[in-house]
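# Residue-level structural notes
One-letter residues, chain by chain:
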Amino acid sequence: MSNNHHEYEQVHPNDDDDDDDDAEDIELVRGGGRQRSLGPPDAAGTTMTSSLSSITRWIVILFLMIVMYKMGMNEGKAVKGEDDGPNKHAKDTKKNKKYGTSFSLERVQTTRQAVQDLIAMLQEYYGGKEQSERMIFDSWLIPWDFERNVTKNNDFTDSLVEKLVDTMARALVTDDQKEFIIGVIGSSVAAGHDNCNYDSYERQMERTFGPVWEAAGMKLTCQNAGEGGGCGDDFANQVFCIQQNVSPNIDIAHYTWTYFEAGANAQALALQMRESLARWAQMLPRQPPIHVYNTGDLSRVSKGEYELAEHMSDFGYNAFYMGTGYRNGGFDYDAAKENGVDHFGWGHVGDGYHNVTRYGENENSTERKESLGTVMRNWHPGPLAFQFVSDTFSYIYSHAMIRALDLIESDLKNGIDPAEKWAASKRKIYIKSSLPQPKFCDPLYCVVDEAPGCINYEKPTYGWWGARVEDPDDNLNPHKGEVQNWEVWNVEEDIWRGVSKQDQIFFEDREDKEICRHLDACGGISATSKDNGSVVFRLPKQEVGLVIICGCCGKQVGTEMILNNTNIEISYNGQILDRSTWDIYPNGKCVRLMKQFDANAATATTGHNYLKIKALENLKEPVRISHVITL
């Protein structure tokens, strides 16, 4: 079979069926009254005429025999093909059938080989299959099991696996999808601070898991929207920006805000916001599962976290605990610590299994090699710990891909178009009634048909902005003719901000030093005096009527900069909003201007809702708006 899957049938000229058909055809010619008795010859002329007529008849008969033989051969070939059985017929059907996907059996095999190679490498690296799976599969709220081990499996595990396999299969089969996107929202842990950006788990994952997607004819992209704490954000406001901070077309979402969840109040709010995020994610085009990354141990997990994981397991929600993963490998960290070696102490090199990342094994620089062997820089993981995180996600996703490839291959071999089931267009659409009743989140905001809209002036962002600044001269702008001169502002960060000194020394004179730069930076749209006039935001479609604005920069700037600032005036559809109805929400940097639509809310006059923030006469201190959130 060639690369283009052309096949050629063999001709069987000696087939008995063909001979029978030919003989039958000849007898039909003879029996048709065309040959008659000539009688005894009585003259030479008669004899010659009769001879010529006889020759002519035999020529005709011979010609007909040849024609019938050829027809019989063609008929015989068709019959012979059918006699080869149903598998041959199905194979021919598949060969000529136009599928809705170009993902072929050859591509299945190439991709499977790449996945199997990665799984085998990771199993060898982590001490064999059993130890690898204890470290990786069993370090989650709901352990993973791709072999349907009945002694270990439960309905929640099955749901998680099914959702992840479905995600992989749809990405592989959909021809229009060229990238598999993992979107990461989180703190400085997600950003990879105190390391080179190159050593963050997202960049490592692209290098580890990326070749598998290349084998599938696609590209793996990890969108890292992690950020430091200087802007004042945390999980509470950033989950509202899932469509802005990362692409709305993500396939999987990672949540890495767990350092900000300490304390009873924060834990309760985190459960509320995590569930909201998991529900909103199902309203995005690819319905991504939410995977939480936590640096700690399962031993400290609250009952609520388990309840949330079980409640949202059908939609892929689960949480990974790095500390538990390390301990599941069998190394006795407590005994080592009693002997004076704290493997999770700041700056320690070596995790008890390895002393440097795989890509650092051949590093010639002693300083760089030591840096690449660091487990925890401080509260931030180092490159070696990030490698374990990257390997964990890569290993689990690889197993899901194997299952997806099996399903696709089975369809192809049985003459079924995989696109009929797995293409993105065949994905089941969710609306708010499709999801279970909320367990922790506020139904007003989490039982909705669309994810929130958000414009975020901080960096980086990869997705779709919700609100947008309206053109001052647009005819639809209800405030056309007024001064509208607010300015976008961002902090310009140095290349070495958030990079360890070891790595600064190693990279400072190298041409590739840009691989160390972190992308996160604070920002906002700003007014410094009344001369800036107003900023007018055109809002997206609103389902609830929620409007939130956040200030920059700091964790508690919302009160002074917005809530109690009488030097700004805020209106909605031309109606000045009553400041007494505002409140701090969902965290200290943000103010909720409207909780929901009510009878007093002004209606749009131009087809869109508009929010105007105006700088008044006595404004002395800058007002910087980092986010506008709507729902």
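Definitions and cut-offs
- Residues numbered from 1 in each chain as written.
- Predicted model: local features only at pLDDT ≥ 70, side-chain atom pairs only at ≥ 80, totals over all residues.
- Heavy atoms only, no water.
- Salt bridge = Lys/Arg side-chain N within 4 Å of Asp/Glu carboxyl O.
- Helix = DSSP H or I, 4+ residues; strand = E, 2+ residues; numbered from the N terminus.
- Buried < 20%, exposed > 50% of the residue type's maximum accessible area, 1.4 Å probe, protein only.
- Polar contact = N/O pair within 3.5 Å; in protein donor to acceptor, adjacent residues only side chain to side chain.
- Contact = heavy atoms within 4.5 Å.
- Pairing = 2+ DSSP bridges.
- Axes fitted to C-alpha atoms, helices over the stretch in contact; angles between N-to-C directions.
- Core = buried A, V, L, I, M, F, W, Y, C linked by side-chain atoms within 4.5 Å.
- Right-handed = clockwise from strand over helix to strand, strands pointing away.

## Description of the pattern of salt bridges
- What the rule picks out here adds up to 30 salt bridges.
- In this structure, Lys129 and Glu147 form a salt bridge, with 3.1 Å as the shortest nitrogen-oxygen distance. With Lys129 in helix α5 (residues 129-136) and Glu147 in the loop between α5 and α6 (155-173), this pair connects stretches of sequence that are 18 residues apart.
- Given a relative accessible area of 37%, Lys129 falls into the partly exposed group.
- For Glu147, a relative accessible area of 55% translates into the label exposed.
- Each of the salt bridges in this network shares a partner with another, and the network as a whole consists of Arg112, Asp406, Glu409 and Lys413.

## Structural notes on the side chain of His380
- Along the polypeptide, His380 turns up in the loop between α15 (366-372) and α16 (383-413).
- At 3.0 Å, the side chain of His380 and the side chain of Trp379 are in polar contact.
- Discounting chain neighbours no more than four positions away, the residues touching His380 are Ser188, Val189, His193 and Asp194.

## Looking at the sheet that holds strand β1 (residues 179-186)
- The five strands are arranged β2-β1-β3-β4-β5 in an open sheet whose pairing can be described as parallel. The open sheet terminates on both sides in strands that have one partner only, identified here as β2 (219-224) and β5 (318-321). Strand-to-strand, the axes of this sheet are offset by a mean angle of 20°, without reference to chain direction.

## Considering α5
- Turning to α5, its buried residues number three or more, namely Gln131, Ser132, Glu133, Met135 and Ile136.
- Summarising the contacts, the buried residues of α5 are in contact with α4 (105-125), α13 (322-328) and α16.

## Details of the nonpolar core
- Grouped together as the largest cluster of nonpolar side chains are 117 residues, with contacts concentrated most on Met168, Trp213 and Tyr397.
- If you tally residues by element for this core, the top one is α16, at 16 residues.
- Setting aside its immediate chain neighbours within four residues, Tyr397 contacts Leu164, Met168, Ile182, Met205, Phe209, Ile252, His254 and His291.
- Counting 29 residues, the second largest nonpolar core, distinct from the first, contains Ile525, Ile562, Ile625 and Val628.

## Section: the pairing of strand β3 (residues 252-256)
- When you tally the buried positions in β3, you get five out of five residues, the bulk of the element.
- Judged from the five bridges that link them, β1 and β3 form a sheet pairing that is parallel. Residue pairing in the sheet places Ile182 in a bridge with Ile252 of β3.
- Pairing analysis gives three bridges linking β3 to strand β4 (residues 290-294), with the strands arranged parallel. Within β4, the position partnered with Ala253 by the bridge is Ile290.
- Note that the unit made of β3, helix α11 (residues 264-281) and β4 has a crossover that is right-handed.

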